Every structure is written in C-alpha cells, then in structure tokens.
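Letter by letter, the chains look like this.
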Amino acid sequence: MNGGAANGMYGDLDRPPLRPDALSHALEQDGWRVEVLASATSTNAVVAERARAGESAGLCVVAEEQTAGRGRLDRTWVSPPRAGLTFSVLLRPVTEQLGWVPLLGGLAVVRAIREQTGVDAVLKWPNDVLVGERKAAGVLAEAVGGAVVLGVGLNVTNRADELPHALATSLALEGARTTDRDTILRAVLRSLTFTDADRSAYREFCSTLGRKVEVHLPGLRVVSGHADDVDAQGRLVVDGTPYSAGDVVHLR
Ligand code: BT5
C-alpha cells in the first residue's frame, strides 16, 4: 500500500504537520512561547536575531522546513520538510551555568526520546544524540551577548536514503513506538532543566565516559586517551586534561 514515496503519498500520510495551537497552549504553562514557521533558513539564526533585539528567555521557534540548517564549524544540517524536528530556544542562563547548557540541551533530547519512543538514545560528548554509534540528533548552542541560542535537529521519520551518511539514523529507523513530533517536542522542552541532578544524569547517559577516545581539536590537533569525566565547566577530561571543544571519535 505505502509505496507512494515518489508521488508524495508517503510524506502526506506519515508526516503530518505540527499543531501550532495545541503546542503553544500546552507549552505556555511551562513558560515557553512557541512559534511554528512553515519555513526558515535556520531557526538558530531566527532566534539569534530576536535575542539581539532584546527578546526575553522562553522563545521557541520551530520550522517545518529549514533551508540553511547549520551544524558546528560551518557544517550543515540536512532535514527534509516535516521528517524531523528543527527548533531553537532562547535561554538567558546565569554565568556559572554557561558551560553546561549545550550538554544539558543534549540530555533533554535523550530523555525525551527514551521516555516517549522507547529508543535507547545516549550522548556523545558534548551533545550528539546517538543510537548505538549512529547520530539521531545534533545540538548547536551559540552565545549571543549574554543569551544562548540552543538549536536542536532531530531525525524522526527520515528514511535511510534521506540521511547524509551511514552513521546517521532516525527514530523511525530505530523502531520508535511513536513518531508524533508534537509529543516529542513537548517532552524535550519539559526535560530541559539545569540542576545538579541533571549533571549526574548527563554523566549516566554519556557513552563517551569511560572509553578510549580521539578528540579532534579545533585546528588540526588530535589527542587520544581515556575519557575520564566532564568537569565543572562542562569540559571533557581526557587523561587528566580538560578540553572545551572538539569532535570526539569513540574508539573500540
Ligand atoms: C550538529 O552539528 O550536530 C548540530 C546540528 C544542529 C541543527 C539544528 S536544526 C535547528 C537549529 N538551526 C540550525 O541551523 N541548526 C540547529 P555538527 O556536530 O557539526 O554535525 C554536523 C554534521 O552532522 C554534518 O557535517 C553531517 O555530517 C551530519 N549531519 C547533517 N545532517 C544530519 C542529520 N539529519 N542526521 C545526522 N547527521 C547529520
């Protein structure tokens, strides 16, 4: 029955739009102001602009389609319309929390996925959301003055041929029991909290800790060693030395 990918049937049946009214209503109780856009270049860019214009914390901009989605270091984030969630929130954290905001953003996504879909998501430091070793979601945290724009791209119903490489996956491909994006988005925002207990939970779900890793540092330097811990500033400690930025490769 469902061979309609070529004529768009698949998308229409399995990729319903978000329900903006229900979403805003449900989330305004938790202090979020949700705006759903049909299309945006990058929700991080939209929210950064609003932050610069003085918007207060609690704005959440979701795009059904993102035409210039960004990763870290000028990389791109690929997302077919309505196949996943692409959204950004505006936070105004106190200074001591700054280093942990990107990490706890990833934790919120992991918790929401585990609770709502039954998929055993974990984290790769700082905030890649993995299932096994495949990436299901990415988080981009950007400082804008004293604010932080926290953007999430999460693959929900993407098919394998819609993902950029073999080490990417989606919740549907991992057997999620629901692919309802409203439900998942609400769960992510509810899970986004910044307490000491969240830091312990982060360590529990961070599959990088306790492993042999390679850290590709900004520039061309690569270090390898044992991932010991995440320190008070959210840095990854490898063989006793803390690193604040880099791409981690999990070694066997
Ligand atoms: C990230 O960067 O993982 C952060 C991605 C954040 C995207 C969200 S969407 C809403 C908000 N608005 C934005 O413009 N961005 C945020 P990074 O760790 O640099 O990973 C990027 C790399 O992941 C790419 O170079 C690809 O190899 C891969 N990638 C791209 N799209 C992917 C996808 N849909 N699933 C898995 N991997 C992907």
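Please refer to the structure placed before this passage.
Please read all numbers here as calculations on a predicted model, not as lab measurements. (Residues numbered from 1 in each chain as written. Predicted model: local features only at pLDDT ≥ 70, side-chain atom pairs only at ≥ 80, totals over all residues. Heavy atoms only, no water.)

1. Description of the site of the ligand
Taken together, 27 residues surround the ligand, and among them S42, R70, R75, K135 and N155 come closest. Between the ligand and N155 there is a distance of 2.8 Å, counted from a nitrogen atom to a side-chain nitrogen or oxygen. Notes on the ligand: free accessible area 790 Å², of which the protein chains cover 93%. Elements that contribute at least two residues to the shell around the ligand include exactly α3 (43–52), β3 (84–91), β6 (134–144) and β7 (147–155). The residue inventory of the shell around the ligand, partitioned by class, reads 8 nonpolar, 14 polar and 5 charged. (Near = heavy atom within 4 Å. Polar contact = N/O pair within 3.5 Å; in protein donor to acceptor, adjacent residues only side chain to side chain. Areas by Shrake-Rupley, 256 points an atom, 1.4 Å probe, with all protein chains shown as cover. Helix = DSSP H or I, 4+ residues; strand = E, 2+ residues; numbered from the N terminus. Nonpolar A, V, L, I, M, F, W, Y, C, P; charged D, E, K, R; others polar.)

2. Section: the side chain of N127
Relative to the helices and strands, N127 is located in the loop between β4 (122–124) and β5 (128–131). Among the polar contacts listed, one links the side chain of N127 to the backbone oxygen of P102, at a separation of 3.3 Å. With residues near it in sequence (within four places) discarded, N127 still touches P102, G106 and V139. (Contact = heavy atoms within 4.5 Å.)

3. Observations concerning unusual backbone geometry
Here the amide bond leading from W125 into P126 is cis, since omega sits at 0 degrees, within 30 degrees of zero. Residue L73 is not a glycine yet carries a positive backbone phi of 50 degrees. In this structure, L73 sits in the loop between β2 (59–63) and β3. Residue D74 is not a glycine yet carries a positive backbone phi of 65 degrees.

4. Thoughts on helix α6 (residues 196–205)
Residues of α6 that are buried include every one of D198, A201, Y202 and F205, and no others. Down the axis of α6, the buried set is contained in an arc of 105 degrees. They therefore lie on one face. Those residues of α6 that are exposed and angled more than 90 degrees off the buried face are D196 and E204. Where α6 is buried, its residues touch α4 (101–117), β4 and β9 (222–230). (Buried < 20%, exposed > 50% of the residue type's maximum accessible area, 1.4 Å probe, protein only. Arc of directions from axis to C-beta.)

5. A short note on the sheet that holds strand β11 (residues 241–243)
The 5 strands are arranged β11-β10-β9-β8-β12 in an open sheet whose pairing can be described as antiparallel. Of all the strands in the sheet, just β11 and β12 (247–250) have a single pairing partner and so form its edges. Here the strands of the sheet are splayed against their neighbours by 45 degrees on average, with no regard to which way each runs. With 5 bridges joining them, strand β8 (residues 212–216) and β9 adopt antiparallel strand pairing. Along β9, the bridge assignment pairs H216 with V222. (Pairing = 2+ DSSP bridges. Axes fitted to C-alpha atoms, helices over the stretch in contact; angles between N-to-C directions.)

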